[in-house]
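# Chains, contacts and geometry: an overview
For reference, the chains in residue letters:
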Amino acid sequence: MLSKPRFKWLPMPYHSILLFATWLLLNNTLAPGHLFLGSVLALGIPLLTSSLSKPQPALHKPMHTFRYALRVLGDIVTANLEVAFQVMGPIKNLNPGFFAVPLDLEGELPITLLASTVSLTPGTVSSEVSECRKFLYVHALTMKNEEELIQTIKQRYEAPLMEIFSC
Amino acid sequence: MLSWTVTLVTAMVAISLILNLWRLFAGPDLPDRLLALDTMYINSIALIILLGIWLGSALYFEAALLIAMLGFISTAALCKYLLRGDIIE
Amino acid sequence: MNFLLELIVSIFLLIGGVFILVGSIGLVRLPDFFMRLHAPTKATTLGMGGLLIASMILFTVREPGISVHELLITLFLFITAPVSAHMMAKTALHQKNKMIERTTGQHLIARARQQKAPEVKPSLND
């Protein structure tokens, strides 16, 4: 399911919102002049650049992204405390591991999001995606049980992404 | 109190920069040096933010943003170079 | 009021500084490249988050109007850190950096370097 432009003059609605917010943040203001200039840029830049973008899977449930972002933020803090203690503790207790996670997601954007989440959260860094886009190779700082870690990644991060992108 | 904390945190960031520098010179392979450079640019953003707090001026924000963008792009370019031996494919 | 503000900003600054220091100590201490990669990507990014939140609180209270533009750097770092980590891990795989011997699953490295799927399904592989 690929997104098609709904309106001719607003080809990339999410990008427009992002550009508008970025312009206001960059100038750190809510003055009416900047609101106007920001909306002109947010409408104009996507019109000029939309022909360069690749079609991506449509957002099925945009509101779930906020819940997912909050969950990932919480996990970043807890996972970082864990990693900090592991780094400062004795090194011989660390058992690094390299493993492949089978992917059920499809499309470039969802896999990129999953790989970024995996890199930021629980002591794991994604290092390669197989050419067929079916496996994600992951390196873990310390690994007790491979099966359990794969199940955590699949249930905690992949399942909500599949729900958001409905694939 | 704030000035003491800023001094202390600046010292911490400076120590981290020295540790990164050690890894940059000692790192056995090229990716190690690349990782050290990547960490160093993030730490220099931290130093600039601390300078902004110390001087009570929001002017340094643009410099920090520029370093963040250029640092990411240079890391990506160096990775491409090491991967393919060529930046523009 | 002023004391409370300084206390909160100091706490966030200290959290940020400690995480940045932990990231660099990890960079020096850990034994192989793939393990070293974990410390700067996670700890240093969170440390920057702490520093930028402190700066945001301080400038919002001190100056007229709210100051949220530090949020832009935070978001940018949180988006780019995993991307650069992924690229560096890819580079290290390509350059045939060694992992330390007790790393499990080293038979997958050769397949990962060629961007192929693993030979045996990992669910069957004990």
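Residues numbered from 1 in each chain as written. Chains lettered and ligands numbered in written order. Predicted model: local features only at pLDDT ≥ 70, side-chain atom pairs only at ≥ 80, totals over all residues. Heavy atoms only, no water.

- Chain C carries the name Na+/H+ antiporter subunit G in an unreviewed UniProt entry, which gives Nitrincola tibetensis as its organism.

- Under an unreviewed UniProt entry, the name given to chain B is K+/H+ antiporter subunit F, and the organism recorded is Nitrincola tibetensis.
- For chain B, the Sequence similarities (unreviewed entry) comment in UniProt is given as "Belongs to the CPA3 antiporters (TC 2.A.63) subunit F family."
- The UniProt entry for chain B carries the following text under Subcellular location (unreviewed entry): "Cell membrane". (UniProt positions renumbered as here; feature names shortened; annotations may be inferred.)

## Considering the interface of chain C and chain A
- On the side of chain A, 45 residues touch chain C, which itself brings 45 residues to the contact.
- Surface buried jointly by chain C and chain A totals about 4,000 Å² across both partners, of which 69% is contributed by carbon and sulfur atoms.
- When the buried area of chain C at its contact with chain A is split by residue, Arg29(C), His38(C) and Lys42(C) rank highest and sum to 16% of it.
- Where chain C touches chain A, the interface holds zero salt bridges.
- At the level of secondary structure, the elements contributing two or more residues to the side of chain C that touches chain A comprise α1 (2–29), α2 (33–36), α3 (38–62), α4 (70–94) and α5 (109–113) of chain C.
- Class assignment of the residues belonging to the side of chain C that touches chain A gives a composition of 27 nonpolar, 12 polar and six charged. (Contact = heavy atoms within 4.5 Å. Buried area = accessible area lost by both parts, 1.4 Å probe. Salt bridge = Lys/Arg side-chain N within 4 Å of Asp/Glu carboxyl O. Helix = DSSP H or I, 4+ residues; strand = E, 2+ residues; numbered from the N terminus. Nonpolar A, V, L, I, M, F, W, Y, C, P; charged D, E, K, R; others polar.)

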